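Fold and contact review
The lines below spell out each chain.
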Amino acid sequence: MGTEQIYHSATDERRQHNRLRTLRSVATASGAMLSVDGRTLINFASNDYLGLSKHPALKQRAIEFIERFGAGSGSSRLVSGNLEAYEQLERKIAAFKGTEAALVLPSGYQTNATVIAALGRKQTVLFSDHENHNSIAVGLQLAQGKWFRYSHNDLTHLETRLQQHIAHDERTKWVVSETVFSMDGDATDVNALNQLATAFGASVYLDEAHATGVLGPEGRGLCFGKGTNGIVMGTFSKAMGSFGAYIACSKIMREYLVNFCSGLIYSTALPPAVLGSIDAALDVVPELESEREQLQSASEHVRVRLQAMGFATGRSTTQIIPIVIGEDDDALKLAQYLEENEILAPAIRPPTVLEGEARVRISLTAKHTPEQIHKLLATIAKFSAVKTHLKKESLLLDKECATHV
């Protein structure tokens, strides 16, 4: 078998199991609308939770930074790409998160993968929530230290894991978790996690990607004001409207990462336009309290309605709402039905989620109107009614057939 044939076989296996991923070209219309294959759909698949990607202040600041610094940074931050704008920006991020220092990195995935790898030195043990993002899993695999998973959001199981290593005083211990989980939409009890980690002499690494801008005082995240002992990570590519990621930490940890984090050392610095949009987002986000309240209210409304229809929404308490279907084909059918009715909401299947937990993932934003949310719920209700009707017809047919045997 030739080299390419080996990879073709792997892809073909995904295709046979109805799990093949494909890229689709999209063109943004406006607000919560998206143009896909020439059709305009209501977009319930976006992480642009506050609609800031179209905010005039972010666009204008990006243009200003391009005019001032150019289109690209030219090199890594440790060579000559550390534009003077970085220092001002990192001071603003540290103030926004309530920490001594901050560090901007190219992307959320790269940040998790390379920062966790840098923290996981020999004689280090890391404890990771079972449902943590793939980027965290990659960081654990790259780490030199030992690592263990604990059951999702199960602090009792985490305590057991920590107890097993209490005698290893020579080991540095880290507890790694998201604060809002991207597939389930549930949140970590940050206070309880901090207290437990501290009791066992462990530091915490908390991923605020889906909380930054949306949750906490003035959108500063669930860690703000909690006295987190360790590192807080987050992104600017979701509620903050643009791109890039940050680490909020102590000055000592920042200096360590500048020297040992490969994602910073060996990557070209972010382009000036991105730095400009981040800078503007940090000014805008604290003022969007009404948008955050509206988003949380809409999220609770959608959860309650879906549950009343008999759908499982898992442990969601945020703007991320999974409709847990179970079988891959059933999740695909719901996603297809929604798209046929001008709604984009993707089917999420293994290996992204566990076997038997395929789902349609709903992402609400502050830009969704009551009319758009009503259409989403009405379309799902219609799908459920059609599916129930067909199931009843099938059962009647089976009964009829049985009487004629």
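Right above here is the structure, for reference.
The structure reproduced in this document is the subject of the present report. Bear in mind the structure is a predicted one, so any value in this text is a computation, not a measurement.

Attention now goes to the overall build of the protein chain. Each helix and strand in the protein chain was counted, giving 14 helices and 14 strands. Relative to the 2.2 N^0.38 estimate, which gives 22 Å for 405 residues, the radius of gyration of the protein chain is 23 Å and therefore close to what a compact globule would have. When its C-alpha atoms are laid out on the principal axes, the protein chain stretches across 80 × 55 × 55 Å. Evaluated residue by residue, the protein chain yields a buried proportion of 49% over its 405 residues. Sequence-distant contacts, at least 24 apart, represent 71% of the contacts inside the protein chain between residues at least 6 apart.

Moving on, we come to the pairing of strand 7 (residues 172-178). With respect to burial, strand 7 is a largely interior element, six of its seven residues being buried. When strand 5 (residues 124-129) meets strand 7, the two strands line up parallel, connected through five bridges. Each bridged residue has a counterpart across the sheet, and for leucine 126 the counterpart in strand 7 is tryptophan 174. For the handedness criterion, the β-α-β arrangement of strand 7, helix 8 (residues 190-199) and strand 8 (residues 202-207) is classed as right-handed.

With that settled, consider the sheet that holds strand 14 (residues 358-363). One open sheet holds the three strands; their spatial order is 11-14-13, and the pairing between them is antiparallel. Each of the sheet's edge strands pairs with one partner strand only, and the pair in question is strand 11 (320-326) and strand 13 (347-348). In this sheet, strand 14 lies alongside strand 13 in antiparallel orientation, the contact comprising two bridges. Considered in strand 14, the bridge of isoleucine 348 is made with arginine 359.

For the rest of this paragraph, the subject is the pattern of salt bridges. Side-chain pairs of opposite charge can arise whenever the charged atoms involved come near each other. For the structure on display, the rule yields 21 salt bridges. Note that aspartate 37 and arginine 24 form a salt bridge whose closest N and O atoms lie 3.0 Å from each other. Here the residue aspartate 37 occupies a position in the loop between strand 2 (33-36) and strand 3 (39-43), and arginine 24 occupies one in the loop between helix 1 (3-16) and strand 1 (26-28), the gap between them amounting to 13 residues. The exposure class assigned to aspartate 37 is exposed, which follows from its relative accessible area of 60%.

Bringing the environment of glycine 326 into the picture now. Within the secondary structure, glycine 326 sits in strand 11. Measuring from C-alpha to C-alpha, the distance between glycine 326 and glycine 234 comes to 30 Å, with 92 residues separating the pair along the chain. Excluding anything up to four places from it in sequence, glycine 326 contacts Gly356, Glu357 and Ala358.

Calculation rules
Residues numbered from 1 in each chain as written. Predicted model: local features only at pLDDT ≥ 70, side-chain atom pairs only at ≥ 80, totals over all residues. Heavy atoms only, no water. Helix = DSSP H or I, 4+ residues; strand = E, 2+ residues; numbered from the N terminus. Rg over C-alpha atoms; globule rule 2.2 N^0.38 Å. Buried < 20%, exposed > 50% of the residue type's maximum accessible area, 1.4 Å probe, protein only. Contact = heavy atoms within 4.5 Å. Pairing = 2+ DSSP bridges. Right-handed = clockwise from strand over helix to strand, strands pointing away. Salt bridge = Lys/Arg side-chain N within 4 Å of Asp/Glu carboxyl O.

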